[in-house]
Amino acid sequence: MIHRHLPTLAFVLLLAACGKQGAKLGEGSSEITGSAGAAGAHQASKELVKCDAPVATLALVENPNGYTVSGSYGLPSSPVPLIRLLAQQSGCFRVVDRSAGLKATIKEQELKDAGILRKEGNTVHKGRGYEAQYSLTPSLTFSEQNAGREVGGLMAQIPVLNKFVAAAEQVKLKEAQVALLLTDNETTEQLAAATGSVRVTDLGMGGLVVGKLGGAGGAGWANSNEGKVIAAAFLDAHNKLVVQVRELAAKDLPPPVATKHGKT
């Protein structure tokens, strides 16, 4: 009886003794950090897969079914800002805003039509907005299960090992499963789909670190272990999506944004 369980128990005890934690993102862990804009992807994750040139304009769409997160972890209500940062950093898309930014644009036009804003030199004009050629919809399921209680119960029945029950009961498995669905807005065809997942073993012996989050896209996702796990899973899914996107022919893109150095 004892010999049958020794390989599993030895592994658990080895991790507990070393005070280490494990994380898997596809084939390894990664980071989400930096910024995206006219200067390109600045301090982006070394693990982020990129494109040589954008293939289309892209809008991020909230999942109509919401996001499933078991438990209350104080996470942001939507992962869309985080994915928007990844999409722009990858260089595969030119991202258009269909949420707060769009509402602000509409408000400016309303103020202009009402005669409140200046007339000469005003850059807000109808018919200047860029269409979203593709849409990207995320899904998310996050779970946390207390695996340590099962391991601890097993160890408690074995002499010599029962003194390690307290350490084993701290083991928790945190897992995030996500998906990204890419749709052509002209044809409604789903062009690509990708899943991402991360599983982390937390021995309760220190803070879990799964990359560093920074910039507006990472706001709120760096404040908890759970948020970092979810962010890493989306990075995994985005990298897999880029492999498919690279095979798509580029659409007729709108004029590029001008920079102060005259480069586009």
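Scoring rules and cut-offs
- Residues numbered from 1 in each chain as written.
- Predicted model: local features only at pLDDT ≥ 70, side-chain atom pairs only at ≥ 80, totals over all residues.
- Heavy atoms only, no water.
- Helix = DSSP H or I, 4+ residues; strand = E, 2+ residues; numbered from the N terminus.
- Buried < 20%, exposed > 50% of the residue type's maximum accessible area, 1.4 Å probe, protein only.
- Contact = heavy atoms within 4.5 Å.
- Areas by Shrake-Rupley, 256 points an atom, 1.4 Å probe, with all protein chains shown as cover.
- Core = buried A, V, L, I, M, F, W, Y, C linked by side-chain atoms within 4.5 Å.
- Salt bridge = Lys/Arg side-chain N within 4 Å of Asp/Glu carboxyl O.
- Expected span 1.5 Å × (residues − 1).
- Disulfide = S-S within 2.5 Å.
- Axes fitted to C-alpha atoms, helices over the stretch in contact; angles between N-to-C directions.
- Left-handed = near helix turned anticlockwise from the far one by under 90°.
- Pairing = 2+ DSSP bridges.

(A) A look at the overall build of the protein. Each helix and strand in the protein was counted, giving six helices and nine strands. Burial statistics for the protein: of 264 residues in total, 38% are counted as buried. The long-range share in the protein, meaning contacts at least 24 apart out of those at least 6 apart in sequence, stands at 77%. Here the protein displays about 15,000 Å² of accessible surface, and carbon together with sulfur accounts for 52% of that area.

(B) Structural view of the environment of Gly-227. Structurally, Gly-227 is set in helix α6 (residues 225-245). Note: C-alpha distance between Gly-227 and Leu-75 (152 residues apart in sequence) is 6.4 Å.

(C) Quick peek at the nonpolar core. Leu-58, Phe-93, Leu-136, Leu-182, Phe-234, Leu-241 and Val-245 are the most contacted members of the largest nonpolar core, which has 36 residues in total. Of all elements in the fold, only β4 (56-60), α2 (80-90), β7 (134-145), β8 (172-184), β9 (190-202) and α6 reach the threshold of two or more residues within this core. For this core, the leading source of residues is α6, giving ten residues. Not counting the four nearest positions on each side in its chain, Phe-93 is found in contact with Pro-54, Val-55, Ala-56, Leu-58, Ala-87, Tyr-134, Leu-182 and Val-245.

(D) Seen up close, the pattern of salt bridges. Within this structure, the stated rule accounts for five salt bridges. For Glu-186, the salt bridge is made with Lys-251, and the minimal N-O distance between the two is 3.7 Å. Linking Glu-186 in the loop between β8 and β9 with Lys-251 in the segment after α6, this pair joins segments that are 65 residues apart in sequence. Measuring nitrogen to oxygen at the nearest pair gives 3.4 Å for the salt bridge that ties Asp-236 to Lys-240. One end of the pair, Asp-236, and the other, Lys-240, are both in helix α6, four residues apart, so they sit about a helical turn from each other. With a relative accessible area of 6%, Asp-236 lands in the buried category. Residue Lys-240 is classed as partly exposed on the basis of its relative accessible area of 37%. Put simply, Asp-184, Glu-186 and Lys-251 are held in one network by salt bridges that share partners.

(E) Highlighting unusual backbone geometry. The backbone of Thr-188 sits at a positive phi, close to 70°, despite the residue not being glycine. Following the sequence through the fold, Thr-188 ends up in the loop between β8 and β9.

(F) Looking closely at helix α3 (residues 100-113). Counted at 1.5 Å a residue, the expected span for α3 with its 14 residues is 20 Å, and the 20 Å between its end C-alpha atoms agrees. In the stretch just after α3, Gly-115 is the one whose phi turns positive, near 80°.

(G) Representation of the state of the cysteines in the model. Applying the stated rule across the entire model yields one disulfide. A sulfur-sulfur separation of 2.0 Å characterises the disulfide bridge that pairs Cys-51 with Cys-92. The sign of the S-S torsion, about 85°, decides the handedness of the disulfide formed by Cys-51 and Cys-92: right-handed. Here Cys-51 is found in the loop between β3 (40-42) and β4, whereas its partner Cys-92 is found in the loop between α2 and β6 (93-96), with 41 residues between them in sequence.

(H) Up close: the packing of α2 against α6. At a minimum axis separation of 10 Å, α2 and α6 run at an interaxial angle of 40°. The handedness of the crossing between α2 and α6 comes out as right-handed. Across the interface between the two elements, Leu-82, Ile-83, Leu-86, Ala-87 and Ser-90 from α2 touch Ala-231, Phe-234, Leu-235, His-238 and Val-242 from α6.

(I) Structural view of the environment of Glu-131. Along the chain, Glu-131 turns up in the loop between α3 and β7. With relative accessibility at 45%, the residue Glu-131 sits in the partly exposed group. Sequence separation between Glu-131 and Leu-253 is 122 residues, and the spatial gap between their C-alpha atoms is 9.6 Å.

(J) Molecular detail of the pairing of β4. Counting buried residues along β4, five of its five residues qualify, which places the element largely inside the surrounding structure. In this sheet, β6 lies alongside β4 in parallel orientation, the contact comprising four bridges. Among the inter-strand pairings, Ala-56 is bridged to a residue of β6, identified as Phe-93.

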